[in-house]
Amino acid sequence: MNEFETLLNSVEDVKVRDVVKGEILTIENGQATVAIVGTGVEGVLTLREITNDRDADINTFVKPGDILDLLVIKQIVGKDAEGANVYLLSLKRLEARKAWTELEGKEGEVVTVKVTKDVKGGLSVDYNGVRGFIPASMIDTYFVKDTKKFVGQEIEAKIIEINAAENRFILSRRAVVEAENIEMRKEAFAQLNEGDIVEGTVSRVTNFGAFVDLGGIDGLVHVSELSHNRVKRPADVVKPGDKVEVKILKLDEEAGRLSLSLKATQAGPWEQVEEKAPVGSTVEGTVKRLTDFGAFVELFLGVEGLVHVSQISWDRVENPKDVLKVGQVVNVKVLDVKPEEERISLSIKALEEAPARPARNNEDGEKRERKPRAPRKAAKPSYDLPETQEGFSLADFLGEDFDINDL
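Residues numbered from 1 in each chain as written. Predicted model: local features only at pLDDT ≥ 70, side-chain atom pairs only at ≥ 80, totals over all residues. Heavy atoms only, no water.

Caption draft 1: Quick look at the sheet that holds strand 15 (residues 257-261). Judged by pairing direction, the barrel is mixed, and its five strands sit side by side in the order 11-12-13-15-14 before closing back on the first. Sheet twist, expressed as the mean angle between neighbouring strand axes with direction ignored, is 50 degrees. Relative to strand 15, strand 13 (residues 218-222) is paired through two bridges, and the arrangement is parallel. Looking at strand 15, one finds that Leu220 is bridged to Ser259. (Pairing = 2+ DSSP bridges. Helix = DSSP H or I, 4+ residues; strand = E, 2+ residues; numbered from the N terminus. Axes fitted to C-alpha atoms, helices over the stretch in contact; angles between N-to-C directions.)

Right under this line is the structure:
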């Protein structure tokens, strides 16, 4: 058998899924022509079978004369100039097969993967040619709305499931983040104490408050602790990225919870209120609330005082709503200030002149003058009776010369 016949017979030795050695002959139109070494058969290696990056230049990966291990994917319709079959070859699938082999038994390990694209329900990633998937619930410790920001990044993820037969490769970035957080929490908790005032960065804002990153541990500033004033929407006070100073209210290392306060680091509206509204001063305010017992008037932002119903007017007021209305601007006099109790007593009528009392008239309509009161009579003296009484005789009354026989 001559050399040519041997070469032709060797064509049958090329089978799909075989690993062969191929020499790059030429590169044209984004694909390489490959001679399968030892067979006389040619193959085609496209950019898509080299990398997942479709915008890449094939010349950065291979050049004529390179000899590579390649995987035979399938027979291409058509033949080469010699009449032999042509096969589609793959570099990345061979690497993926090797990667699957290397992955065996690695469940639970942490590996570095590259995010190739965001897909429905999560992220598609690449690990040495093996396509993996990170479900949306496993991207972070909280739900991530914008998954596109991860595309193109290299991230660490924990291997959850490997099934080469079903081409199933599941990973979790959340598991890595949680493990890192545990270590950072231990370090952070060791340096923090209740009552400390620390600096942090707002990481997230929710309807019930804001989370502040203190460098490895997130603490919650409840909506009630954001400001001394009433807050309806936390987003009106802070936003992600803000640098803030917060006071640590409570530490729970076991549960990994940290309660913080933003308002505790800020001057309260009741501080120096005695200087702003001293007793006896007149202040302008706005009626905020009306109750059966009086009106609450806001003097400064966050500071309200009470005008008792008896202090609204010199006339008798049955219901404050009959005299005042919410939003009305009034002048009030400060009667009493108790900043420690956050209480201020106010008066509206104290700023008005008290009406004169009407004089009483006689029957003729003339003004009747009051008569001066008569002086009180002196009290009769009182005498004390002796403790004992000896009495007296008839002789004592008639005299010593009286004789009963003279009668």
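Caption draft 2: Main features of empty space enclosed by the protein. For the structure on display, the rule yields one cavity of 30 Å³ or more. As a volume, the largest cavity reaches approximately 40 Å³. Contributing to the lining of the largest cavity are Val202, Ala210, Val212, Val221, Leu226, Val238, Val244, Val246 and Leu262. Secondary-structure elements contributing two or more residues to the lining of the largest cavity are strand 12 (209-213) and strand 14 (243-252). (1 Å grid on protein atoms, 1.4 Å probe; cavity = no way out; pocket = protein on both sides within 12 Å on 5 of 7 lines; lining within 4 Å. Points joined across faces, edges and corners; volume = space filled by probe spheres on them.)

Caption draft 3: Inspection of a positive patch on the surface at higher detail. The grouping of Arg48, Arg54, Lys117 and Arg131 at the surface amounts to a positive patch. The topology assignment puts Arg131 in strand 8 (residues 130-135). (Patch = residues over 30% accessible without salt bridge, like charges linked within 9 Å, V, L, I, M, F, W, Y side chains within 5 Å. Areas by Shrake-Rupley, 256 points an atom, 1.4 Å probe, with all protein chains shown as cover. Salt bridge = Lys/Arg side-chain N within 4 Å of Asp/Glu carboxyl O. Lys, Arg positive; Asp, Glu negative; His and termini not counted. Charge placed at Lys NZ, Arg CZ, Asp CG, Glu CD.)

Caption draft 4: Summary view of the pattern of salt bridges. A full pass over the atoms with the stated rule returns twelve salt bridges. Residue Arg173 is joined to Asp140 by a salt bridge in which the shortest nitrogen-to-oxygen separation is 3.3 Å. With a gap of 33 residues between them, Arg173 in helix 3 (residues 173-191) and Asp140 in the loop between strand 8 and strand 9 (154-163) connect regions that are remote in the sequence. Assigned by exposure class, Arg173 and Asp140 land together as buried. Note that Lys239 is salt-bridged to Asp242, the shortest N-O span being 3.3 Å. (Buried < 20%, exposed > 50% of the residue type's maximum accessible area, 1.4 Å probe, protein only.)

Caption draft 5: The environment of Val231, seen in detail. With respect to the secondary-structure elements, Val231 resides in the loop between strand 13 and strand 14. The buried category is assigned to Val231, whose relative accessible area is 18%. Residues Val231 and Gly209, spaced 22 residues apart in sequence, show a C-alpha to C-alpha distance of 9.8 Å. Those residues in contact with Val231, other than ones at most four positions away along the chain, are Val223, Leu226 and Val237. (Contact = heavy atoms within 4.5 Å.)

Geometric values such as these leave the question of function open.
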